[in-house]
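Overview (structure and organization)
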Amino acid sequence: MRVAVYPGSFDPITYGHLDILKRGAAIFDKVIVAVLINSAKQPLFSVDERKQMIEESIKQANYKVPIEVDSFEGLLVDYLRNKDIHVILRGLRAISDFEYELQVASINRKLAKDVETIFLMTNNMHSFISSGSVKEIAKYGGDVTDLVPPHVVTALKEKSAIITP
Ligand code: ADP
């Protein structure tokens, strides 16, 4: 069984992430979306909120292969080793992503020689979407309906109401 882990912050999940997930689901027998618990970052959504939004998006998308949602803390390669998984799935939007992704993939290769990172390119129409810009737009009341699924729009509105009185 070919299994891949798709790791990330997913703060929150966007149509860009979902585009990569759909492409991953067409290649692998199972994909685990793994939310990184990173104490150094100040996320807008809690890990549980992020996982719930991902679960809801998966329910709506109806993938042909199982998609699991999980979270992890610490080194990604340790998470993979514990689960005996050898593939990391990552998305590339533009050349600007490449330098960072190359660095991370190289470190992971050094730490775990039996792990490969597979990069998939998003549809051009989603290539400009980032969780960061979605949060910035939502914070100022801008329209994010083309960038994230409806349940994420609702969650962003609820959060924005709290953070911008
Ligand atoms: P991280 O904080 O680890 O970069 P993100 O949640 O921002 O986590 O992204 C997870 C993965 O999804 C990364 O590989 C990132 O390049 C990819 N990604 C994010 N947005 C898009 C998008 N719009 N199109 C394609 N890939 C994307």
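For clarity, every value in this text was computed on a predicted model and none was experimentally measured.

The next thing to look at is the nonpolar core. Judged by nonpolar contacts, the single largest core of 34 residues is most densely connected at Leu21, Ile54, Ile67, Val148 and Leu156. Discounting chain neighbours no more than four positions away, the residues touching valine 148 are Ile13, Thr14, Tyr15, Val134, Val153 and Leu156. Formed by 13 residues, the second largest nonpolar core is a distinct cluster that contains Val3, Val5, Ile85 and Val115.

In this structure, arginine 50 sits in helix 2 (residues 47–61). Setting aside its immediate chain neighbours within four residues, arginine 50 contacts Ser9, Phe10, Asp11, Val35, Leu36, Pro43 and Phe45.

Relative to the helices and strands, isoleucine 37 is located in the loop between strand 2 (30–36) and helix 2. The contact partners of isoleucine 37, leaving out residues within four places of it in the chain, are Val47, Ser71, Phe72 and Glu73.

A cluster of nonpolar residues, Leu75, Ile107 and Leu111, forms a patch on the protein surface that exposes about 270 Å² of accessible area. Mapping leucine 75 onto the fold places it in the loop between strand 3 (67–72) and helix 3 (76–83).

Counting buried residues in strand 4 (residues 87–92) gives six out of six residues, a clear majority hidden from the surface. Of the two faces of strand 4, the one lined by Val87, Leu89 and Gly91 and the one lined by Ile88, Arg90 and Leu92 are each fully buried. Pairing of strand 4 with strand 5 (residues 116–121), which is carried by six bridges, proceeds in the parallel orientation. Of the residues in strand 5, the one forming a bridge with leucine 89 is isoleucine 118.

The residue lysine 110 is located in helix 4 (residues 95–111) in this model. A residue is classified by how much of its surface remains accessible, and lysine 110, at 67% relative accessible area, is exposed. Distance in space between the C-alpha atoms of lysine 110 and lysine 22 is 29 Å, their sequence separation being 88 residues.

For the rest of this paragraph, the subject is the site of the ligand. Around the ligand, 17 residues are found, and the nearest of them are Tyr6, Ser9, Gly91, His126 and Ile129. Within the contact set of the ligand, an oxygen atom lies 2.7 Å away from a backbone nitrogen or oxygen of glycine 91. Taking histidine 126, its main chain carries an N or O atom lying 2.8 Å from a nitrogen atom of the ligand. Put simply, the ligand lies in the largest pocket. Broken down by secondary-structure element, the contributors of at least two residues to the shell around the ligand are strand 1 (3–8), helix 1 (15–25), strand 4 and helix 4. For the shell around the ligand, the class distribution of residues is five nonpolar, seven polar and five charged.

Once that is clear, we can look at the pairing of strand 2. Buried residues dominate strand 2, accounting for six of its seven residues. In terms of strand pairing, strand 1 meets strand 2 through six bridges, oriented parallel. Bridge pairing in strand 2 links glycine 8 to valine 35. Following the chain from strand 1 across helix 1 to the adjacent parallel strand 2, one finds a crossover that is right-handed.

In this section: the environment of valine 104. Within the element layout of this structure, valine 104 appears in helix 4. Distance from valine 104 to lysine 159, taken between C-alpha atoms, is 31 Å for residues 55 residues apart in sequence.

The subject of this paragraph is helix 5 (residues 131–139). Ser131, Val134 and Ala138 are the residues of helix 5 that are buried. Each buried residue of helix 5 lies within a common arc of 60 degrees when the element is viewed along its axis, so the set occupies one face. Looking one or two residues past helix 5, glycine 141 carries a phi angle of roughly 80 degrees, positive in sign.

The rules behind each value
- Residues numbered from 1 in each chain as written.
- Predicted model: local features only at pLDDT ≥ 70, side-chain atom pairs only at ≥ 80, totals over all residues.
- Heavy atoms only, no water.
- Core = buried A, V, L, I, M, F, W, Y, C linked by side-chain atoms within 4.5 Å.
- Buried < 20%, exposed > 50% of the residue type's maximum accessible area, 1.4 Å probe, protein only.
- Contact = heavy atoms within 4.5 Å.
- Helix = DSSP H or I, 4+ residues; strand = E, 2+ residues; numbered from the N terminus.
- Patch = residues over 30% accessible without salt bridge, like charges linked within 9 Å, V, L, I, M, F, W, Y side chains within 5 Å.
- Areas by Shrake-Rupley, 256 points an atom, 1.4 Å probe, with all protein chains shown as cover.
- Salt bridge = Lys/Arg side-chain N within 4 Å of Asp/Glu carboxyl O.
- Pairing = 2+ DSSP bridges.
- Near = heavy atom within 4 Å.
- Polar contact = N/O pair within 3.5 Å; in protein donor to acceptor, adjacent residues only side chain to side chain.
- 1 Å grid on protein atoms, 1.4 Å probe; cavity = no way out; pocket = protein on both sides within 12 Å on 5 of 7 lines; lining within 4 Å.
- Sits in = over half its atoms within 2 Å of the grid points.
- Nonpolar A, V, L, I, M, F, W, Y, C, P; charged D, E, K, R; others polar.
- Right-handed = clockwise from strand over helix to strand, strands pointing away.
- Arc of directions from axis to C-beta.

This is a description of form; function is not addressed.
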